[in-house]
Amino acid sequence: MAEVIIKNIVKTYTNASVLALNNVSLTIASGELFGLIGPDGAGKTTLFRILATLLIPDSGSAKVSGFDTIKDYQAIRKIVGYMPGKFSLYQDLTVEENLNFFATVFNTSLEKNQYLIDEIYSQIAPFKKRLAGKLSGGMKQKLALCCALIHEPRILLLDEPTTGVDPVSRKEFWDMLDRLKNRGITIIVSTPYMDEASRCDRIALIQKGKILEVETLENIKLKHNNPLFAVQSPNRHTLIAEIRSFKNTKSCFAFGETNHVSFVNGIDDFELLKEYLKEKGLTDIVSSQIAPGIEDIFIQLILENEAINA
Amino acid sequence: MPEPVIVANLLTKKFGDFVAVDAITFKIDAGEIFGFLGANGAGKTTAMKILCGLLSPSSGQASVAGFDVYKQNEEIKKHIGYMSQKFSLYENLTVKENIRFFGGIYGIRRKELYEKTDDLIFRLGLEKESNKLVRTLPLGWKQKIAFSVAILHEPKVVFLDEPTGGVDPITRRQFWDMIYEAASRGITIFVTTHYMDEAEYCDRVSIMVDGAIVALDKPSEMKRKFEGKDMDAVFLQLARNAKRSD
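What counts and how
- Residues numbered from 1 in each chain as written.
- Chains lettered and ligands numbered in written order.
- Predicted model: local features only at pLDDT ≥ 70, side-chain atom pairs only at ≥ 80, totals over all residues.
- Helix = DSSP H or I, 4+ residues; strand = E, 2+ residues; numbered from the N terminus.
- Contact = placed C-beta atoms within 7 Å.
- Pairing = 2+ DSSP bridges.
- Nonpolar A, V, L, I, M, F, W, Y, C, P; charged D, E, K, R; others polar.
- Buried ≥ 20, exposed ≤ 12 C-beta atoms within 10 Å, placed from the backbone.

**Focus: the overall build of chain A**
Here comes step 1: In terms of regular secondary structure, chain A is built from 10 helices and 14 strands.
Here comes step 2: Viewed in the frame of its principal axes, chain A has a C-alpha envelope of about 75 × 45 × 35 Å.
Here comes step 3: Summarising the internal contacts of chain A: among those between residues at least 6 apart in sequence, 70% fall at separations of at least 24.

Here it is in structure tokens:
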């Protein structure tokens, strides 16, 4: 069953001069862990705010659990848990007071739904008398998630919950989302970290208000399996410059210690490049063909999208 | 041998009983790109504040660009650049105003500053945007301008605190091209990041856990030593057992 249906949504800001969402359509299934992946300014927050009934689109429509985001906004607010990207709890209330406040607003109590938040709340419980404004970043994030869960929502909207969070805590956060998903909650989560795509059932790659792709990670990889090559050398700065100066190089981007290169004519150009680099005096070159990862594919889609717009 | 640009020797900062920074030691050379990694709450920000001359240590020694962190912290501030994702440019000033404002603060003389401003706007290809308010620009551009402004006065060292957070993968790499370019001119780069692929763009990295530096090496050496396929694996291995988190 479809839990969220978004149809042809357009949203502009400042007298239509900024196109935040450019004809976005998406269907998200019940119980799905859905990732919205894209950089700052892609339109992720705008989409969340429309689904949370906090913003009205210029055109198009969105339905959440069968309710229309404009007509039935009151019904949606009862079943959606929203965690904004910017910390939005009451800074001058304590941890406990914030939780009680949100529980009361939703006509429930901390005791009644404690089972849902127990795992997360136990980590911040030692600080329950502390003002929310005095919490560290990681603890604020956990409290915000507790407050978004306190009314047993059917759907959880999480706007960049892991931005600025270190790799260890990010992994823990996603483990937590897995467990919430197992309880049947539909989760839509946005992130600028490409590697988190592997934690989602399906992902949408979004940039400049446009959805570039919606698929499972496996299918995205199958669909965009263009020949790609990793080229590495100790003299990395010269190497990048020389690869880019090679006439048949389509793109070359650094990936950790190595560089990922695509060519006009795939493997034939790869052989030519190796000769070319030797002529240029580069030594100890290690190179091989590789399967594109999600970040390679996203870069490729951005470049194609920009070529269309240009 | 040139003198190292940043030296820390058993540098320690305590807040009451809490040891935020626990006897960290390292030397960083001119033009080196040094990645300063660690989990949230590991003590990175505190250590960076000391090195920027904003906080006095409890014990140990450190010097930046030849100036002592205890006695010459005002001199340190003049000889470094700083940029973070949270604070970089004034949103309500134009691109040009921001460049002139920060250049002025760093004591660049008017005539030179005007030339540098025009030059920078040209190099960044922002001629059309130079009179636009910074808040109307995409984040990626802001970050590039902020970095250029931070090194406008040709400091010995620039501190970058998560400079690429939230930026798209292409812009993130263009940003690193700028870092390389600055390093090749001899500017020392001290950078924190949560993107582990970026850790591999550094000449050396340190990993901080619970206030102490538990590993410091070239990324390739670190991967070999800790048998990780990438820096993400190395980081998870070292930081997983941290007692502190925020």
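Right, picking up where we left off after that structure.
**So, the sheet that holds strand E5 (residues 67-68) of chain B**
All names here are of chain B.
Here comes step 1: Here 4 strands make up an open sheet; going across it, the order is E2-E1-E4-E5 and the pairing antiparallel. Sheet topology places strand E2 (18-28) and E5 at the edges, where each strand pairs with a single neighbour.
Here comes step 2: Alignment of strand E4 (residues 59-64) against E5, held across 2 bridges, turns out to be antiparallel. Of the residues in E5, the one forming a bridge with Ser63 is Asp68.

**Section: the interface of chain A and chain B**
Here comes step 1: Taken together, the contacts link 27 residues of chain A with 31 residues of chain B.
Here comes step 2: Only helix H5 (137-149), helix H6 (167-182), strand E12 (249-255) and helix H10 (294-309) of chain A provide two or more residues apiece to the side of chain A that touches chain B.
Here comes step 3: Looking at the side of chain A that touches chain B residue by residue, the class counts come to 13 nonpolar, 10 polar and 4 charged.

**Brief notes about unusual backbone geometry**
Residues and elements named next belong to chain A.
Here comes step 1: Of note in this structure, Thr53 is not a glycine but carries a positive phi near 65°.
Here comes step 2: Looking at where Thr53 falls in the secondary structure, it is placed in the loop between helix H1 (44-51) and strand E4 (59-64).
Here comes step 3: Despite not being glycine, Asp284 shows a phi value in the positive range, around 50°.
Here comes step 4: For Asp284, the position within the fold is in the loop between helix H9 (266-279) and strand E14 (286-290).
Here comes step 5: By C-beta crowding, Asp284 is classed as exposed, having 8 other C-beta atoms within 10 Å.

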